[in-house]
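So the chains spell out like this:
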Amino acid sequence: MIRILLADDHAIVRAGLRALLDSGAAHSDIEVVGEVATADEAVAFCATTPVDLVLMDLRFGPGKSGAEATAAVRALPNPPNVLVVTNYDTDADILGAIEAGAVGYILKDTPPSELLAAVQSAAAGESVLSPSVASKLMTRVRKPDTTLSAREIEVLRLVADGLSNRDIGRRLFLSETTVKSHLVHIYAKLGVKSRTSAVARAREYGAI
């Protein structure tokens, strides 16, 4: 039996996933053992209840993000696998989730039959990626010299939010010099010469 926890802040999404998984239960051993609306609740649930797989959204309200919750869940004794199910497919989201320990990453517009197959594979510890996510990762592999690192994306996101180099350094616990160094590399990789152009180019590429 695959015991599943649904972690998403939208009740209608949880209801849809539960209905889909219940319909697939006739063909597989799937049981939804719980639903939570926050990342913190997901961690707490997994710490006290046997779960084989968490279907984790990436963005919740206040509190932990889905990636942070994934890392916390995976740090538990005998942790469940985590399959990210989200609407977001930027490089930063994908890398953050995978680095946190997610076994798979699929989008919410995945066809029902493919989602059920993904659940089966993820529960067994096999990597599962939506086609668009796999394509983005392959692009990073093929063009490592022009692809932003997770830290560079983090810096650029804060630039997009309007933070100064000093403020970015404080937020990420980096020196101002290190932030400037990251920006130099970002400009070189994106082929731009300004903060505004870097943000625009990164958004064009779907990096932020």
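Residues numbered from 1 in each chain as written. Predicted model: local features only at pLDDT ≥ 70, side-chain atom pairs only at ≥ 80, totals over all residues. Heavy atoms only, no water.

**A few points about the side chain of Asn81**
Stage number 1. Along the chain, Asn81 falls in strand 4 (residues 81-86).
Stage number 2. One polar contact links the side chain of Asn81 to the main-chain carbonyl oxygen of Ala123, over a distance of 3.3 Å.
Stage number 3. If near-sequence neighbours (up to four positions away) are discounted, Asn81 is found in contact with Asp52, Leu53, Val54, Arg74, Val103, Ala122, Ala123, Ala124 and Gly125. (Helix = DSSP H or I, 4+ residues; strand = E, 2+ residues; numbered from the N terminus. Polar contact = N/O pair within 3.5 Å; in protein donor to acceptor, adjacent residues only side chain to side chain. Contact = heavy atoms within 4.5 Å.)

**Notes on the packing of helix 7 (residues 150-160) against helix 8 (residues 165-172)**
Stage number 1. Relative to each other, helix 7 and helix 8 sit at 130°, their axes nearing to 10 Å. Relative to helix 8, helix 7 is oriented oblique. In terms of crossing hand, the pair formed by helix 7 and helix 8 is right-handed. Between helix 7, through Arg151, Glu154, Val155, Leu158 and Val159, and helix 8, the contact on the second element is made entirely by Ile168, Arg171 and Leu172.
Stage number 2. For the contact of helix 7 with helix 8, the class distribution of residues is five nonpolar, no polar and three charged. (Axes fitted to C-alpha atoms, helices over the stretch in contact; angles between N-to-C directions. Parallel < 35°, antiparallel > 145°, perpendicular 65-115°, else oblique. Left-handed = near helix turned anticlockwise from the far one by under 90°. Nonpolar A, V, L, I, M, F, W, Y, C, P; charged D, E, K, R; others polar.)

**Looking at the layout of surface pockets**
Stage number 1. Looking at the largest pocket, its volume works out to about 520 Å³.
Stage number 2. In terms of lining, the largest pocket is formed by 16 residues, of which the most central are Ser65, Ala67, Ala92, Asp93 and Arg157.
Stage number 3. Looking at the lining of the largest pocket, the element that brings in the most residues is helix 4 (residues 91-100), giving five residues. (1 Å grid on protein atoms, 1.4 Å probe; cavity = no way out; pocket = protein on both sides within 12 Å on 5 of 7 lines; lining within 4 Å. Points joined across faces, edges and corners; volume = space filled by probe spheres on them.)

**Here we look at helix 5 (residues 112-123)**
Stage number 1. Its twelve residues give helix 5 an end-to-end C-alpha distance of 17 Å, which sits within 8% of 16 Å, the value for a rise of 1.5 Å per residue.
Stage number 2. All buried positions along helix 5 are accounted for by Leu115, Leu116, Ala118, Val119 and Ala122. Projected onto a plane normal to the axis of helix 5, the buried residues spread over an arc of 160° and lie on a single side.
Stage number 3. Within two residues after helix 5, Gly125 carries a phi angle of roughly 85°, on the positive side. (Expected span 1.5 Å × (residues − 1). Buried < 20%, exposed > 50% of the residue type's maximum accessible area, 1.4 Å probe, protein only. Arc of directions from axis to C-beta.)

**Description of the nonpolar core**
Stage number 1. Core analysis: the biggest nonpolar cluster contains 21 residues, and Val155, Leu156, Ile168, Ile186 and Leu190 have the highest contact counts within it.
Stage number 2. Of all the secondary-structure elements, those providing two or more residues to this core are helix 7, helix 8, helix 9 (176-190) and helix 10 (195-205).
Stage number 3. Sequence-distant contacts of Leu156, that is, excluding residues within four places in its chain, are made with Leu148, Ile186, Leu190, Ala198, Val199, Ala202 and Ile208.
Stage number 4. With 20 residues, the next largest nonpolar core counts Leu21, Leu55, Ile106 and Ala118 among its residues. (Core = buried A, V, L, I, M, F, W, Y, C linked by side-chain atoms within 4.5 Å.)

**Remarks on the environment of Ser197**
Stage number 1. For Ser197, the location among the structural elements is in helix 10.
Stage number 2. On the basis of relative accessible area, Ser197 is assigned to the partly exposed category, the value being 34%.

**Overview of the packing of helix 2 (residues 39-48) against helix 3 (residues 66-74)**
Any two packed helices are characterised by the angle at which their axes cross and by the distance between the axes.
Stage number 1. At a minimum axis distance of 9 Å, the contact between helix 2 and helix 3 shows a crossing angle of 10°. Judged by the angle between their axes, helix 2 and helix 3 are roughly parallel. From helix 2, Ala39, Ala42, Val43 and Cys46 reach across to helix 3, where they touch Ala69, Ala72 and Val73.
Stage number 2. Here the residues of the contact of helix 2 with helix 3 are counted per class, giving seven nonpolar, no polar and no charged.

**Thoughts on the packing of aromatic side chains**
Stage number 1. The tally for this structure, following the rule as stated, stands at zero aromatic pairs.
Stage number 2. For the cation-ring pair, Arg59 lies above Tyr88, with the distance from its terminal atom to the ring centre recorded as 3.8 Å. (Phe/Tyr/Trp six-rings, centres within 6.5 Å; stacked < 30°, edge-to-face > 60°. Lys NZ or Arg CZ within 6 Å of the ring centre and 35° of its normal.)

**Things to note about the sheet that holds strand 3 (residues 53-56)**
Stage number 1. Ordered by their spatial adjacency, six strands build an open sheet running 2-1-3-4-5-6, and the pairing between neighbours is parallel. The open sheet terminates on both sides in strands that have one partner only, identified here as strand 2 (30-36) and strand 6 (128-129).
Stage number 2. In terms of strand pairing, strand 3 meets strand 4 through four bridges, oriented parallel. What sits directly across from Leu55, in strand 4, is Leu83.
Stage number 3. Packed onto the sheet, helix 2 meets strand 1 (2-7), strand 2 and strand 3 and runs at close to 130° relative to strand 2.
Stage number 4. Relative to the sheet, helix 3 contacts strand 3 and strand 4, its axis offset from that of strand 4 by approximately 170°. (Pairing = 2+ DSSP bridges.)

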